[in-house]
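Structural characterization, general
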Amino acid sequence: MATWEQFRTEAPDLADAIAARWAAHKHHVLATLRRDGSPRVSGTEVEIVDGRLVIGSMYGAQKARDLQRDGRYALHSNPGHHDMVGGDAKVAGRARELDGDAKDAILAAYPSETPEGPMHLFELDLDEAVLVTVDEKLHVDVWHPGAGVVRHDR
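Numbers given to residues run from 1 along each chain, matching the order in which its sequence is written. pLDDT decides what is reported in this predicted model: residues at 70 or higher carry local features, side-chain atom pairs at 80 or more are listed and counted, and totals for whole chains, interfaces and linings draw on all residues regardless. Hydrogens and waters are ignored; side-chain quantities use all the structure's heavy atoms.

**Structural notes on the layout of surface pockets**
A volume near 490 Å³ is recorded for the largest pocket. Forming the boundary of the largest pocket are 22 residues, of which Glu45, Val46, Gly56, Tyr110 and Ser112 lie nearest the centre. Elements represented by at least two residues in the lining of the largest pocket include exactly helix H2 (12-24), strand S2 (39-44), strand S3 (47-49) and strand S4 (52-58). Lining residues are defined by having an atom within 4 Å of a point belonging to a cavity or pocket. Those points lie on a 1 Å grid over the protein atoms alone, cavities being sets where a 1.4 Å probe fits but cannot get out and pockets being open sets with protein on both sides within 12 Å along at least five of seven lines. Grid points are joined across faces, edges and corners, and a volume is the space filled by probe spheres set on the points. Helix and strand definitions here come from DSSP, where helices need a minimum of 4 consecutive H or I residues and strands a minimum of 2 consecutive E residues; each element is numbered from the N-terminal end.

**A short note on the pattern of salt bridges**
Basic side-chain nitrogens of Lys or Arg form a salt bridge, by our definition, when they fall within 4 Å of a carboxyl oxygen of Asp or Glu. Counted according to the given criterion, the structure contains 10 salt bridges. For the salt bridge of Arg52 with Glu123, the shortest nitrogen-to-oxygen distance reads 3.4 Å. Of this pair, Arg52 sits in strand S4 while Glu123 sits in strand S7 (residues 119-134), and the two are 71 residues apart along the sequence. Summary of the burial criterion: residues with accessible area below 20% of their type's maximum are buried, those above 50% are exposed, and those between are partly exposed, where the area comes from a 1.4 Å probe applied to protein chains only. Residue class for Glu123 comes out buried when judged on its relative accessible area of 3%. Of the charged contacts in the structure, one is a salt bridge between Asp88 and Lys90, with a shortest N-O distance of 4.0 Å. Given a relative accessible area of 12%, Asp88 falls into the buried group. What emerges from the salt-bridge pattern is a single network uniting Arg52, Arg96, Glu123 and Asp125.

**Here's the deal with unusual backbone geometry**
Where the residue is not glycine, phi is negative for most of them; where a peptide bond is considered, it is trans in most cases. Despite not being glycine, Asp50 shows a phi value in the positive range, around 50°. Here Asp50 is to be found in the loop between S3 and S4. Residue Asp50 is classed as exposed on the basis of its relative accessible area, which comes to 61%.

**Re the nonpolar core**
Phe7, Ile18, Tyr73 and Val91 are the most contacted members of the largest nonpolar core, which totals 25 residues. Elements with a minimum of two residues in this core: helix H1 (4-10), H2, S4, helix H3 (62-69), strand S5 (72-76), strand S6 (88-97) and S7. The biggest single contributor to this core is S7, with five residues. In this view, Ile18 contacts Trp4, Phe7, Ala89, Val91, Ala129, Val130 and Leu131; residues no more than four positions away in its chain are not counted. Definition of nonpolar core: a set of buried residues of the types Ala, Val, Leu, Ile, Met, Phe, Trp, Tyr and Cys, connected through side-chain atoms within 4.5 Å. By definition in these notes, contact holds between two residues if any of their heavy atoms fall within 4.5 Å.

**What about the packing of aromatic side chains?**
Stacked, tilted and edge-to-face pairs are distinguished by plane angle, under 30 degrees for stacked and over 60 for edge-to-face with tilted covering the rest, among Phe, Tyr and Trp rings (Trp via its six-membered ring) whose centres lie within 6.5 Å. Under the criterion given, the structure shown has two aromatic pairs. Ring plane angle 80° and centroid distance 5.0 Å describe the contact between Trp4 and Phe7, whose orientation is recorded as edge-to-face. With Trp4 and Phe7 both in helix H1 and three residues apart, the pair spans about one turn of that helix. Trp4 gets classed as buried once you look at its relative accessible area, which sits at 2%. For Phe7, a relative accessible area of 0% gives the class buried. Of the aromatic side chains, those joined through ring pairs into one cluster are Trp4, Phe7 and Trp143.

**A closer look at H2**
Over its 13 residues, H2 extends 18 Å from the first C-alpha to the last, a length consistent with the 18 Å expected when each residue adds 1.5 Å. Turning to H2, its buried residues are Leu14, Ala15, Ile18, Arg21 and Trp22. Along the axis of H2, the buried residues cluster in a sector spanning 120°; they form a single face. Relative to its buried face, H2 has exposed residues pointing more than 90 degrees away, namely Asp13 and Ala23. By definition here, a helix of n residues has an expected span of 1.5 Å times n minus one. The reported arc concerns the directions from the helix axis to the C-beta atoms and nothing else.

No statement about biological role is implied by the geometric values presented.
This is the structure we're talking about:
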């Protein structure tokens, strides 16, 4: 498991390309696990703050409850409008809810407006990062902690 900053240190070009996908659109798709183990997909906003990949959630939302119970997640970038410019980004790992000073520090540095009132804030640690791009071929760049980036061309 790695933090976003560890990923960026190990695979800076891939991390920058994936960060660009998060920044290109406001809303992305988060997959969590329901209590019965079946998947749930939810829209979410993504931020990179102080070397951490974070998501917020309305207080008591189902996706927050899912992550509190079982931190496993997958996050898929908004692919854009029909053309895949910049690629298709996916990361997966485990989410950890932040509270207290850690939460306050992230919220103070948050680049977008945070909602009033109580909210959940999760840091997303990474087991895997994938970027799919297309030119004359389809390229799948895959990163795992400590293993570097492997490219598969099709």
